[in-house]
Amino acid sequence: MTALPKLEDLTDQSFDPFQIEKLSTGDCPDPYPRLHELMAQGTVIEGSYRKEFTAVPDVQMGHLPQVMVLGYDAVLHVLTHPEIFRNKEAFAPNLGRSFGNTVTVMDAPEHTRFRKIFQKAFLPQVVSKWGETIVDPVVARLMDPFMARGEADLIEEFTHHYPFQVIYAQVELDPAQAPVFHKLAIAQILSSIGAPQGQEASGKLGTFFAELLRQKRGNPGGDLISHLATVEADGERLPDDVLISFLRQLMNAGGDTTYRGTSVLLTGLLTHPEQLKAVTEDRSLIPQAIDEALRWEGPVASTFRYCAVDTEINGQPIKAGTFVNTVIGSANRDPSKFPDPDKFDIFRKNTVRHLAFASGPHLCIGQHLARVEMTRALNALLDRLPNLRLDPDKPAPAIVGHLLRVPEHLWVKFDT
Ligand code: HEM
(Lines give C-alpha, C1' and ligand atoms only; values in the text may rest on other atoms or scores of the structure.)
Protein backbone atom coordinates (compact mmCIF):
# COMPACT_ATOMS: atom_id res chain seq x y z
CA MET A 1 0.00 0.00 0.00
CA THR A 2 1.31 3.48 -0.87
CA ALA A 3 1.95 5.74 2.12
CA LEU A 4 -0.32 8.78 2.26
CA PRO A 5 1.44 12.08 1.57
CA LYS A 6 2.44 14.17 4.58
CA LEU A 7 0.94 17.60 5.17
CA GLU A 8 3.68 20.11 6.02
CA ASP A 9 3.08 22.44 8.99
CA LEU A 10 3.55 26.23 8.76
CA THR A 11 7.20 27.30 8.88
CA ASP A 12 6.54 29.52 11.89
CA GLN A 13 5.09 26.94 14.22
CA SER A 14 4.42 29.52 16.93
CA PHE A 15 1.82 31.20 14.67
CA ASP A 16 -1.62 30.45 16.15
CA PRO A 17 -4.32 30.86 13.47
CA PHE A 18 -7.10 30.12 15.97
CA GLN A 19 -6.25 33.23 18.00
CA ILE A 20 -5.96 35.39 14.86
CA GLU A 21 -9.25 34.00 13.54
CA LYS A 22 -10.95 34.92 16.83
CA LEU A 23 -9.60 38.46 16.54
CA SER A 24 -10.72 38.71 12.92
CA THR A 25 -14.20 37.36 13.67
CA GLY A 26 -14.45 39.91 16.48
CA ASP A 27 -16.20 39.69 19.82
CA CYS A 28 -19.48 41.35 18.82
CA PRO A 29 -21.89 39.90 21.41
CA ASP A 30 -25.13 40.53 19.57
CA PRO A 31 -25.48 42.16 16.15
CA TYR A 32 -29.24 41.71 16.08
CA PRO A 33 -30.50 44.86 17.91
CA ARG A 34 -28.46 46.98 15.46
CA LEU A 35 -29.65 44.87 12.52
CA HIS A 36 -33.26 45.54 13.54
CA GLU A 37 -32.48 49.30 13.66
CA LEU A 38 -30.88 49.15 10.22
CA MET A 39 -33.77 47.12 8.78
CA ALA A 40 -36.15 49.80 10.04
CA GLN A 41 -34.10 52.40 8.11
CA GLY A 42 -34.31 50.62 4.75
CA THR A 43 -33.49 47.65 2.58
CA VAL A 44 -30.23 48.94 1.08
CA ILE A 45 -27.88 50.67 3.52
CA GLU A 46 -24.52 52.11 2.55
CA GLY A 47 -21.48 50.58 4.23
CA SER A 48 -20.07 47.17 5.04
CA TYR A 49 -21.33 44.57 7.49
CA ARG A 50 -17.83 44.06 8.85
CA LYS A 51 -17.36 47.78 9.53
CA GLU A 52 -20.73 47.99 11.23
CA PHE A 53 -19.91 45.31 13.76
CA THR A 54 -16.16 45.18 14.28
CA ALA A 55 -13.17 47.50 14.43
CA VAL A 56 -10.98 44.90 12.66
CA PRO A 57 -9.76 46.55 9.43
CA ASP A 58 -10.80 44.93 6.16
CA VAL A 59 -7.59 45.09 4.14
CA GLN A 60 -8.99 43.38 1.05
CA MET A 61 -12.42 45.00 0.65
CA GLY A 62 -12.47 48.01 2.98
CA HIS A 63 -11.73 50.59 0.25
CA LEU A 64 -14.39 49.29 -2.18
CA PRO A 65 -17.96 50.66 -2.52
CA GLN A 66 -20.22 48.49 -0.37
CA VAL A 67 -23.85 48.28 0.68
CA MET A 68 -25.73 46.01 3.07
CA VAL A 69 -28.93 44.40 1.82
CA LEU A 70 -31.34 43.65 4.67
CA GLY A 71 -34.55 41.72 5.25
CA TYR A 72 -35.84 38.37 4.02
CA ASP A 73 -37.30 39.29 0.63
CA ALA A 74 -34.34 41.47 -0.36
CA VAL A 75 -31.71 38.90 0.68
CA LEU A 76 -33.60 36.17 -1.17
CA HIS A 77 -33.80 38.45 -4.23
CA VAL A 78 -30.01 38.94 -4.25
CA LEU A 79 -29.27 35.24 -3.78
CA THR A 80 -31.64 34.17 -6.55
CA HIS A 81 -30.63 36.74 -9.20
CA PRO A 82 -27.10 35.62 -10.07
CA GLU A 83 -27.20 37.43 -13.43
CA ILE A 84 -27.24 40.73 -11.46
CA PHE A 85 -25.46 39.74 -8.24
CA ARG A 86 -22.35 37.80 -9.14
CA ASN A 87 -19.97 35.63 -7.13
CA LYS A 88 -16.77 35.78 -9.13
CA GLU A 89 -15.87 39.42 -8.52
CA ALA A 90 -17.28 39.25 -4.97
CA PHE A 91 -15.10 36.36 -3.80
CA ALA A 92 -11.98 36.56 -5.97
CA PRO A 93 -10.32 39.14 -3.66
CA ASN A 94 -10.97 37.17 -0.46
CA LEU A 95 -12.01 33.49 -0.46
CA GLY A 96 -10.55 33.07 -3.96
CA ARG A 97 -7.11 33.94 -2.59
CA SER A 98 -7.47 31.25 0.05
CA PHE A 99 -9.13 28.42 -1.83
CA GLY A 100 -8.38 29.11 -5.52
CA ASN A 101 -10.83 28.40 -8.34
CA THR A 102 -13.66 26.87 -6.34
CA VAL A 103 -17.44 26.88 -6.95
CA THR A 104 -18.05 29.85 -4.66
CA VAL A 105 -15.79 31.98 -6.87
CA MET A 106 -17.63 30.95 -10.07
CA ASP A 107 -20.74 32.08 -11.92
CA ALA A 108 -22.76 30.35 -14.66
CA PRO A 109 -22.02 28.67 -17.00
CA GLU A 110 -18.77 27.48 -15.35
CA HIS A 111 -20.44 27.19 -11.93
CA THR A 112 -23.38 25.16 -13.24
CA ARG A 113 -21.06 22.68 -14.97
CA PHE A 114 -18.81 21.97 -11.99
CA ARG A 115 -21.41 22.25 -9.26
CA LYS A 116 -23.44 19.47 -10.88
CA ILE A 117 -20.50 17.12 -10.43
CA PHE A 118 -19.78 18.01 -6.77
CA GLN A 119 -23.44 17.96 -5.88
CA LYS A 120 -23.70 14.32 -6.93
CA ALA A 121 -21.21 13.39 -4.21
CA PHE A 122 -23.33 15.01 -1.47
CA LEU A 123 -26.85 13.87 -2.35
CA PRO A 124 -29.02 12.83 0.64
CA GLN A 125 -28.88 9.15 -0.32
CA VAL A 126 -25.07 9.31 -0.43
CA VAL A 127 -24.46 11.23 2.80
CA SER A 128 -27.02 9.33 4.88
CA LYS A 129 -24.75 6.28 4.56
CA TRP A 130 -21.87 8.24 6.11
CA GLY A 131 -23.95 8.74 9.29
CA GLU A 132 -23.29 5.25 10.54
CA THR A 133 -19.95 4.51 8.92
CA ILE A 134 -18.18 7.83 9.49
CA VAL A 135 -20.05 10.24 11.79
CA ASP A 136 -21.01 7.85 14.63
CA PRO A 137 -17.48 6.48 15.22
CA VAL A 138 -16.03 10.02 15.25
CA VAL A 139 -18.70 11.19 17.73
CA ALA A 140 -18.18 8.17 20.01
CA ARG A 141 -14.38 8.54 19.98
CA LEU A 142 -14.58 12.20 21.00
CA MET A 143 -17.12 11.57 23.77
CA ASP A 144 -15.35 8.61 25.40
CA PRO A 145 -12.72 10.66 27.31
CA PHE A 146 -15.27 12.83 29.17
CA MET A 147 -18.12 10.35 29.65
CA ALA A 148 -17.12 9.30 33.18
CA ARG A 149 -16.27 12.83 34.35
CA GLY A 150 -19.82 14.16 34.73
CA GLU A 151 -18.79 17.49 33.21
CA ALA A 152 -17.25 18.83 30.00
CA ASP A 153 -16.74 21.86 27.81
CA LEU A 154 -18.69 20.68 24.78
CA ILE A 155 -17.00 23.25 22.52
CA GLU A 156 -13.38 22.50 23.45
CA GLU A 157 -13.88 18.77 23.73
CA PHE A 158 -16.49 18.03 21.12
CA THR A 159 -18.06 20.46 18.63
CA HIS A 160 -14.78 22.12 17.67
CA HIS A 161 -13.43 18.78 16.49
CA TYR A 162 -16.10 16.43 15.23
CA PRO A 163 -17.01 17.95 11.81
CA PHE A 164 -13.32 18.30 10.95
CA GLN A 165 -12.71 14.71 11.97
CA VAL A 166 -15.62 13.62 9.77
CA ILE A 167 -13.83 15.24 6.83
CA TYR A 168 -10.49 13.65 7.78
CA ALA A 169 -12.24 10.28 7.87
CA GLN A 170 -13.78 10.96 4.45
CA VAL A 171 -10.41 11.74 2.94
CA GLU A 172 -8.80 8.89 4.93
CA LEU A 173 -6.27 11.18 6.52
CA ASP A 174 -3.63 9.82 8.89
CA PRO A 175 -5.13 10.68 12.36
CA ALA A 176 -1.69 11.88 13.51
CA GLN A 177 -1.96 14.67 10.93
CA ALA A 178 -5.31 15.97 12.22
CA PRO A 179 -3.95 18.91 14.29
CA VAL A 180 -1.88 20.20 11.33
CA PHE A 181 -4.87 19.83 9.03
CA HIS A 182 -7.14 21.80 11.35
CA LYS A 183 -4.49 24.50 11.80
CA LEU A 184 -3.87 24.92 8.06
CA ALA A 185 -7.60 24.87 7.30
CA ILE A 186 -8.10 27.87 9.58
CA ALA A 187 -4.82 29.57 8.60
CA GLN A 188 -5.68 29.53 4.88
CA ILE A 189 -8.68 31.85 5.30
CA LEU A 190 -6.45 34.44 6.97
CA SER A 191 -5.33 35.45 3.46
CA SER A 192 -8.50 37.52 3.45
CA ILE A 193 -7.10 39.71 6.24
CA GLY A 194 -3.65 39.87 4.65
CA ALA A 195 -1.79 37.35 6.87
CA PRO A 196 1.10 35.85 4.83
CA GLN A 197 0.56 32.50 6.59
CA GLY A 198 -2.74 32.28 4.66
CA GLN A 199 -0.97 31.84 1.32
CA GLU A 200 1.52 29.45 2.88
CA ALA A 201 -1.31 27.30 4.27
CA SER A 202 -3.19 27.28 0.93
CA GLY A 203 0.02 26.26 -0.86
CA LYS A 204 0.76 23.42 1.53
CA LEU A 205 -2.80 22.08 1.45
CA GLY A 206 -2.66 22.29 -2.37
CA THR A 207 0.57 20.29 -2.56
CA PHE A 208 -0.86 17.68 -0.21
CA PHE A 209 -4.14 17.29 -2.12
CA ALA A 210 -2.37 17.16 -5.50
CA GLU A 211 -0.29 14.21 -4.34
CA LEU A 212 -3.29 12.53 -2.73
CA LEU A 213 -5.26 12.89 -5.98
CA ARG A 214 -2.42 11.38 -7.97
CA GLN A 215 -2.40 8.37 -5.65
CA LYS A 216 -6.18 7.95 -5.65
CA ARG A 217 -6.41 8.13 -9.43
CA GLY A 218 -3.80 5.39 -9.66
CA ASN A 219 -5.53 3.21 -7.08
CA PRO A 220 -9.09 4.39 -6.35
CA GLY A 221 -10.93 3.21 -3.21
CA GLY A 222 -14.41 3.82 -1.79
CA ASP A 223 -13.52 7.18 -0.20
CA LEU A 224 -14.73 10.67 -1.10
CA ILE A 225 -11.52 11.76 -2.84
CA SER A 226 -11.38 8.66 -5.02
CA HIS A 227 -14.97 9.34 -5.94
CA LEU A 228 -14.36 13.00 -6.79
CA ALA A 229 -11.17 12.13 -8.66
CA THR A 230 -12.96 9.74 -10.97
CA VAL A 231 -16.58 10.98 -11.09
CA GLU A 232 -17.94 12.20 -14.42
CA ALA A 233 -20.93 14.30 -15.40
CA ASP A 234 -21.87 14.67 -19.06
CA GLY A 235 -18.68 12.80 -19.91
CA GLU A 236 -16.49 15.35 -18.15
CA ARG A 237 -14.11 14.92 -15.21
CA LEU A 238 -13.19 17.60 -12.70
CA PRO A 239 -9.98 19.47 -13.58
CA ASP A 240 -7.31 19.19 -10.86
CA ASP A 241 -7.25 22.90 -9.96
CA VAL A 242 -11.03 22.96 -9.44
CA LEU A 243 -10.97 19.77 -7.38
CA ILE A 244 -8.02 20.85 -5.22
CA SER A 245 -9.69 24.23 -4.59
CA PHE A 246 -12.90 22.46 -3.61
CA LEU A 247 -11.03 20.24 -1.15
CA ARG A 248 -9.40 23.31 0.39
CA GLN A 249 -12.82 24.91 0.72
CA LEU A 250 -14.31 21.75 2.22
CA MET A 251 -12.08 22.09 5.28
CA ASN A 252 -13.83 25.34 6.16
CA ALA A 253 -17.18 25.11 4.41
CA GLY A 254 -17.79 21.66 5.88
CA GLY A 255 -15.83 21.80 9.13
CA ASP A 256 -16.07 25.30 10.49
CA THR A 257 -19.75 25.90 9.71
CA THR A 258 -20.98 22.62 11.18
CA TYR A 259 -18.88 23.19 14.32
CA ARG A 260 -20.58 26.57 14.72
CA GLY A 261 -24.05 25.26 13.82
CA THR A 262 -23.86 22.39 16.33
CA SER A 263 -22.53 24.70 19.05
CA VAL A 264 -25.42 27.09 18.49
CA LEU A 265 -27.95 24.23 18.49
CA LEU A 266 -26.65 23.00 21.84
CA THR A 267 -26.61 26.54 23.22
CA GLY A 268 -30.22 27.12 22.17
CA LEU A 269 -31.40 23.90 23.76
CA LEU A 270 -29.34 24.12 26.96
CA THR A 271 -30.47 27.69 27.61
CA HIS A 272 -34.10 26.61 27.10
CA PRO A 273 -34.34 23.50 29.29
CA GLU A 274 -38.01 22.91 28.54
CA GLN A 275 -37.18 22.62 24.82
CA LEU A 276 -34.19 20.40 25.60
CA LYS A 277 -36.50 18.14 27.61
CA ALA A 278 -39.01 17.98 24.76
CA VAL A 279 -36.30 16.99 22.25
CA THR A 280 -34.75 14.46 24.65
CA GLU A 281 -38.11 12.76 25.04
CA ASP A 282 -39.19 13.02 21.41
CA ARG A 283 -36.33 12.75 18.93
CA SER A 284 -38.63 13.40 15.99
CA LEU A 285 -38.30 17.08 17.06
CA ILE A 286 -34.58 17.11 16.15
CA PRO A 287 -35.01 18.32 12.54
CA GLN A 288 -37.06 21.33 13.61
CA ALA A 289 -34.62 22.05 16.47
CA ILE A 290 -31.75 22.10 13.94
CA ASP A 291 -33.64 24.43 11.62
CA GLU A 292 -34.57 26.77 14.43
CA ALA A 293 -30.95 26.95 15.64
CA LEU A 294 -29.76 27.75 12.13
CA ARG A 295 -32.43 30.42 11.71
CA TRP A 296 -31.82 31.93 15.16
CA GLU A 297 -28.01 32.06 15.04
CA GLY A 298 -26.96 30.83 11.60
CA PRO A 299 -23.18 30.39 11.47
CA VAL A 300 -22.85 32.52 8.31
CA ALA A 301 -24.43 35.87 9.20
CA SER A 302 -23.60 37.58 5.90
CA THR A 303 -22.24 36.71 2.48
CA PHE A 304 -20.97 38.70 -0.50
CA ARG A 305 -22.13 39.40 -4.02
CA TYR A 306 -20.94 41.87 -6.69
CA CYS A 307 -23.59 44.00 -8.37
CA ALA A 308 -22.82 43.77 -12.11
CA VAL A 309 -25.48 46.18 -13.47
CA ASP A 310 -27.33 49.23 -12.15
CA THR A 311 -30.38 47.88 -10.34
CA GLU A 312 -32.74 48.52 -7.44
CA ILE A 313 -34.39 46.65 -4.61
CA ASN A 314 -37.55 48.02 -3.02
CA GLY A 315 -37.02 51.19 -5.05
CA GLN A 316 -33.56 51.68 -3.51
CA PRO A 317 -30.78 51.87 -6.11
CA ILE A 318 -27.59 49.80 -6.19
CA LYS A 319 -24.98 50.91 -8.68
CA ALA A 320 -23.01 48.53 -10.90
CA GLY A 321 -19.61 47.90 -9.28
CA THR A 322 -20.96 47.85 -5.70
CA PHE A 323 -20.08 44.97 -3.37
CA VAL A 324 -23.23 43.72 -1.69
CA ASN A 325 -23.13 42.44 1.91
CA THR A 326 -26.07 40.08 1.75
CA VAL A 327 -27.05 39.90 5.40
CA ILE A 328 -28.50 36.43 5.89
CA GLY A 329 -28.78 37.09 9.64
CA SER A 330 -31.24 39.93 8.96
CA ALA A 331 -33.35 37.70 6.70
CA ASN A 332 -33.57 35.04 9.39
CA ARG A 333 -34.62 37.60 12.02
CA ASP A 334 -37.06 39.47 9.79
CA PRO A 335 -40.17 39.98 11.95
CA SER A 336 -42.45 40.02 8.89
CA LYS A 337 -41.54 36.36 8.26
CA PHE A 338 -40.62 35.08 11.73
CA PRO A 339 -42.79 36.65 14.47
CA ASP A 340 -40.82 37.42 17.67
CA PRO A 341 -37.70 36.64 15.64
CA ASP A 342 -35.11 36.91 18.44
CA LYS A 343 -36.73 34.12 20.40
CA PHE A 344 -35.36 30.57 20.13
CA ASP A 345 -38.46 28.45 19.70
CA ILE A 346 -38.27 25.03 18.09
CA PHE A 347 -42.08 24.92 17.96
CA ARG A 348 -42.52 28.01 15.78
CA LYS A 349 -44.70 27.53 12.72
CA ASN A 350 -42.79 28.88 9.76
CA THR A 351 -44.32 29.87 6.47
CA VAL A 352 -40.94 30.35 4.76
CA ARG A 353 -37.59 28.55 4.93
CA HIS A 354 -34.68 30.16 6.74
CA LEU A 355 -31.72 31.21 4.58
CA ALA A 356 -28.88 29.86 6.76
CA PHE A 357 -27.84 27.59 3.87
CA ALA A 358 -28.45 30.50 1.43
CA SER A 359 -30.64 29.97 -1.67
CA GLY A 360 -30.35 30.04 -5.45
CA PRO A 361 -27.51 28.50 -7.44
CA HIS A 362 -24.98 28.62 -4.55
CA LEU A 363 -27.29 26.96 -2.00
CA CYS A 364 -25.07 24.99 0.39
CA ILE A 365 -23.88 21.76 -1.22
CA GLY A 366 -23.29 20.21 2.19
CA GLN A 367 -26.63 20.90 3.85
CA HIS A 368 -27.68 17.24 3.89
CA LEU A 369 -24.34 16.23 5.36
CA ALA A 370 -24.56 19.01 7.96
CA ARG A 371 -28.01 17.78 8.98
CA VAL A 372 -26.81 14.18 9.25
CA GLU A 373 -23.83 15.28 11.36
CA MET A 374 -25.86 17.52 13.67
CA THR A 375 -28.59 14.89 14.12
CA ARG A 376 -26.11 12.13 14.93
CA ALA A 377 -24.16 14.33 17.33
CA LEU A 378 -27.25 15.53 19.19
CA ASN A 379 -28.71 12.04 19.47
CA ALA A 380 -25.43 10.68 20.85
CA LEU A 381 -25.15 13.48 23.43
CA LEU A 382 -28.75 13.01 24.56
CA ASP A 383 -28.37 9.22 24.70
CA ARG A 384 -25.06 9.08 26.51
CA LEU A 385 -25.14 12.15 28.81
CA PRO A 386 -28.20 11.72 31.05
CA ASN A 387 -29.67 14.83 32.65
CA LEU A 388 -27.51 17.06 30.43
CA ARG A 389 -27.59 20.65 31.74
CA LEU A 390 -25.53 23.84 31.90
CA ASP A 391 -22.87 23.88 34.62
CA PRO A 392 -24.27 26.40 37.15
CA ASP A 393 -20.76 27.14 38.49
CA LYS A 394 -19.41 28.25 35.13
CA PRO A 395 -20.29 31.28 32.94
CA ALA A 396 -23.33 30.78 30.72
CA PRO A 397 -22.53 30.29 27.01
CA ALA A 398 -22.24 33.53 25.06
CA ILE A 399 -22.44 33.46 21.25
CA VAL A 400 -19.99 36.01 19.81
CA GLY A 401 -18.63 37.13 16.44
CA HIS A 402 -19.94 39.37 13.72
CA LEU A 403 -19.76 37.16 10.65
CA LEU A 404 -19.13 33.63 11.86
CA ARG A 405 -20.79 33.23 15.24
CA VAL A 406 -20.16 30.69 17.99
CA PRO A 407 -19.91 30.50 21.81
CA GLU A 408 -16.35 30.12 23.08
CA HIS A 409 -17.30 27.60 25.80
CA LEU A 410 -20.25 25.43 26.60
CA TRP A 411 -19.71 24.04 30.09
CA VAL A 412 -22.13 21.28 30.97
CA LYS A 413 -22.80 18.74 33.69
CA PHE A 414 -24.49 15.35 33.35
CA ASP A 415 -25.16 12.25 35.46
CA THR A 416 -22.71 9.36 35.32
C1 HEM B 1 -24.45 24.10 9.48
C2 HEM B 1 -23.57 23.92 8.54
C3 HEM B 1 -23.46 24.76 7.30
C4 HEM B 1 -23.91 26.02 7.03
C5 HEM B 1 -24.68 26.96 7.93
C6 HEM B 1 -23.51 26.32 5.66
C7 HEM B 1 -23.80 27.51 5.02
C8 HEM B 1 -23.52 27.76 3.69
C9 HEM B 1 -23.91 28.96 2.98
C10 HEM B 1 -24.65 30.14 3.59
C11 HEM B 1 -23.49 28.83 1.70
C12 HEM B 1 -23.70 29.81 0.54
C13 HEM B 1 -22.74 30.94 0.56
C14 HEM B 1 -23.06 31.92 -0.55
O15 HEM B 1 -23.93 31.67 -1.38
O16 HEM B 1 -22.39 32.93 -0.60
C17 HEM B 1 -22.80 27.56 1.59
C18 HEM B 1 -22.21 27.09 0.44
C19 HEM B 1 -21.44 25.94 0.40
N20 HEM B 1 -21.33 24.98 1.39
FE21 HEM B 1 -22.19 25.05 3.22
N22 HEM B 1 -22.83 25.25 5.15
C23 HEM B 1 -22.79 24.27 6.10
C24 HEM B 1 -22.22 23.02 5.96
C25 HEM B 1 -21.55 22.56 4.86
C26 HEM B 1 -20.94 21.25 4.74
C27 HEM B 1 -20.99 20.13 5.77
C28 HEM B 1 -20.33 21.21 3.52
C29 HEM B 1 -19.58 20.03 2.99
C30 HEM B 1 -19.79 19.48 1.88
C31 HEM B 1 -20.57 22.49 2.86
C32 HEM B 1 -20.13 22.84 1.60
C33 HEM B 1 -20.49 23.99 0.94
C34 HEM B 1 -20.03 24.33 -0.40
C35 HEM B 1 -19.06 23.53 -1.24
C36 HEM B 1 -20.63 25.56 -0.74
C37 HEM B 1 -20.46 26.34 -2.03
C38 HEM B 1 -21.62 26.08 -2.97
C39 HEM B 1 -21.59 26.91 -4.24
O40 HEM B 1 -21.00 28.00 -4.23
O41 HEM B 1 -22.19 26.45 -5.22
N42 HEM B 1 -21.32 23.27 3.71
N43 HEM B 1 -22.87 26.92 2.82
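You'll find the structure just up there.
Calculation rules
- Residues numbered from 1 in each chain as written.
- Predicted model: local features only at pLDDT ≥ 70, side-chain atom pairs only at ≥ 80, totals over all residues.
- Helix = DSSP H or I, 4+ residues; strand = E, 2+ residues; numbered from the N terminus.
- Rg over C-alpha atoms; globule rule 2.2 N^0.38 Å.
- Buried ≥ 20, exposed ≤ 12 C-beta atoms within 10 Å, placed from the backbone.
- Contact = placed C-beta atoms within 7 Å.
- Near = placed C-beta within 6 Å.
- Nonpolar A, V, L, I, M, F, W, Y, C, P; charged D, E, K, R; others polar.
- Pairing = 2+ DSSP bridges.
- Axes fitted to C-alpha atoms, helices over the stretch in contact; angles between N-to-C directions.
- Parallel < 35°, antiparallel > 145°, perpendicular 65-115°, else oblique.
- Left-handed = near helix turned anticlockwise from the far one by under 90°.
- Bend = angle between axes of the 7 residues up to and from the residue.
- Core = buried A, V, L, I, M, F, W, Y, C linked by C-beta atoms within 7 Å.

1. Examining the overall build of the protein
Phase 1: Secondary structure assignment for the protein yields 18 helices and 14 strands.
Phase 2: Its C-alpha radius of gyration of 21 Å places the protein within 12% of the 22 Å reference for a compact globule of 416 residues.
Phase 3: Principal-axis analysis of the C-alpha atoms gives the protein an extent of 60 × 55 × 45 Å.
Phase 4: Going through the 416 residues of the protein one by one, you find that 46% of them count as buried.

2. Comments concerning the environment of leucine 243
Phase 1: Of note, leucine 243 is situated in helix α14 (residues 240-270).
Phase 2: Expressed as a C-alpha distance, the spacing of leucine 243 and glutamate 151, which sit 92 residues apart in the sequence, is 41 Å.
Phase 3: The contacts of leucine 243, once residues within four sequence positions are left out, are Leu213, Leu228, Ala229 and Leu238.

3. Topic: the site of the ligand
Phase 1: The local shell around the ligand holds 25 residues, among which Gly254, Gly261, His362, Cys364 and Gly366 are the closest.
Phase 2: Ranked by residue count, the leading element in the shell around the ligand is α14, at 7 residues.
Phase 3: Taken together, the residues of the shell around the ligand sort by class into 14 nonpolar, 10 polar and 1 charged.

4. Observations concerning the pairing of strand β7 (residues 303-307)
Phase 1: For β7, the buried fraction is high: 5 of the 5 residues fall into the buried class.
Phase 2: Neither face of β7 is left uncovered, since the one carrying Thr303, Arg305 and Cys307 and the one carrying Phe304 and Tyr306 both have all their residues buried.
Phase 3: Alignment of strand β3 (residues 85-86) against β7, held across 2 bridges, turns out to be antiparallel. Its bridge partner being in β7, phenylalanine 85 is matched across the sheet by cysteine 307.
Phase 4: Note: β7 against strand β10 (residues 323-326), 4 bridges, orientation antiparallel. The residue bridging tyrosine 306 from the neighbouring strand is phenylalanine 323, located in β10.

5. Considering the packing of helix α8 (residues 124-143) against helix α10 (residues 162-170)
Phase 1: Where α8 contacts α10, the two axes come as close as 9 Å, and the packing angle between them is 130°. With respect to α10, the axis of α8 lies oblique. Considering the relative orientation of α8 and α10, their crossing is right-handed. Only Tyr162, Gln165, Val166, Ala169 and Gln170 of α10 make contact with α8, whose side of the interface consists of Ile134, Val135, Val138, Val139 and Leu142.
Phase 2: Among the residues forming the contact of α8 with α10, the class breakdown is 8 nonpolar, 2 polar and no charged.

6. Quick look at the sheet that holds strand β11 (residues 389-390)
Phase 1: If you trace the 3 strands from one edge of the open sheet to the other, you get β4-β14-β11, paired in antiparallel fashion. Of all the strands in the sheet, just β4 (151-153) and β11 have a single pairing partner and so form its edges.
Phase 2: Bridge count for β4 against strand β14 (residues 411-413) is 3 bridges, and the pairing is antiparallel. Within the sheet, the bridge partner assigned to aspartate 153 lies in β14 and is tryptophan 411.

7. Quick notes on α8
Phase 1: Along α8, the largest kink reaches about 50° and is centred on glycine 131.
Phase 2: Among all positions in α8, only Val127, Trp130, Ile134, Val135, Val138, Val139 and Met143 are buried.

8. Some remarks on the pairing of strand β2 (residues 66-69)
Phase 1: The two faces of β2 match: Gln66 and Met68 on one face and Val67 and Val69 on the other face are all buried.
Phase 2: Here strand β1 (residues 44-46) runs beside β2; their pairing, made up of 3 bridges, is antiparallel. When the bridges of β2 are listed, glutamate 46 appears paired with valine 67.
Phase 3: As judged from the 4 bridges shared by β2 and β10, these two strands associate in the parallel manner. Bridge assignment links methionine 68 to a residue of β10, and that residue is asparagine 325.

9. Let's talk about the sheet that holds β7
Phase 1: Pairing within the open sheet is mixed, and its 5 strands lie in the order β1-β2-β10-β7-β3. On the outer flanks of this sheet lie β1 and β3, each paired with one strand and no other.
Phase 2: Across the sheet, helix α4 (residues 72-79) is in contact with β2, β3, β7 and β10; its angle to β10 comes to roughly 130°.

10. Here we look at unusual backbone geometry
Phase 1: Cis peptide bonds are those with omega within 30 degrees of zero, and the linkage from alanine 108 to proline 109 qualifies with 5°.
Phase 2: Relative to the helices and strands, proline 109 resides in the loop between α6 (95-99) and α7 (110-120).
Phase 3: Of note in this structure, aspartate 340 is not a glycine but carries a positive phi near 50°.
Phase 4: By secondary structure assignment, the location of aspartate 340 is in the loop between α17 (328-332) and α18 (367-384).

11. Describing the nonpolar core
Looking at soluble globular proteins, one finds that nonpolar side chains tend to be buried together.
Phase 1: Counting residues in each nonpolar core, the largest one holds 118 residues, and the members touching the most others are Val69, Val75, Leu243, Leu265, Val327 and Ile328.
Phase 2: Of the residues forming this core, the biggest block, 13 residues, is contributed by α14.
Phase 3: Those residues in contact with leucine 265 that lie beyond four places of it in its chain are Ala289, Ile290, Ala293, Met374 and Leu378.

12. Overview of the environment of glutamate 200
Phase 1: With respect to the helices and strands, glutamate 200 occurs in helix α12 (residues 196-218).
Phase 2: Distance from glutamate 200 to aspartate 9, taken between C-alpha atoms, is 9.4 Å for residues 191 residues apart in sequence.
Phase 3: Setting aside its immediate chain neighbours within four residues, glutamate 200 contacts Leu10 and Thr11.

13. With respect to the environment of glutamine 170
Phase 1: Note that glutamine 170 resides in helix α10.
Phase 2: On the neighbour-count criterion, glutamine 170 (18 C-beta atoms within 10 Å) is partly exposed.
Phase 3: Residues within four places of glutamine 170 in sequence aside, it is in contact with Ile134, Asp223 and Leu224.

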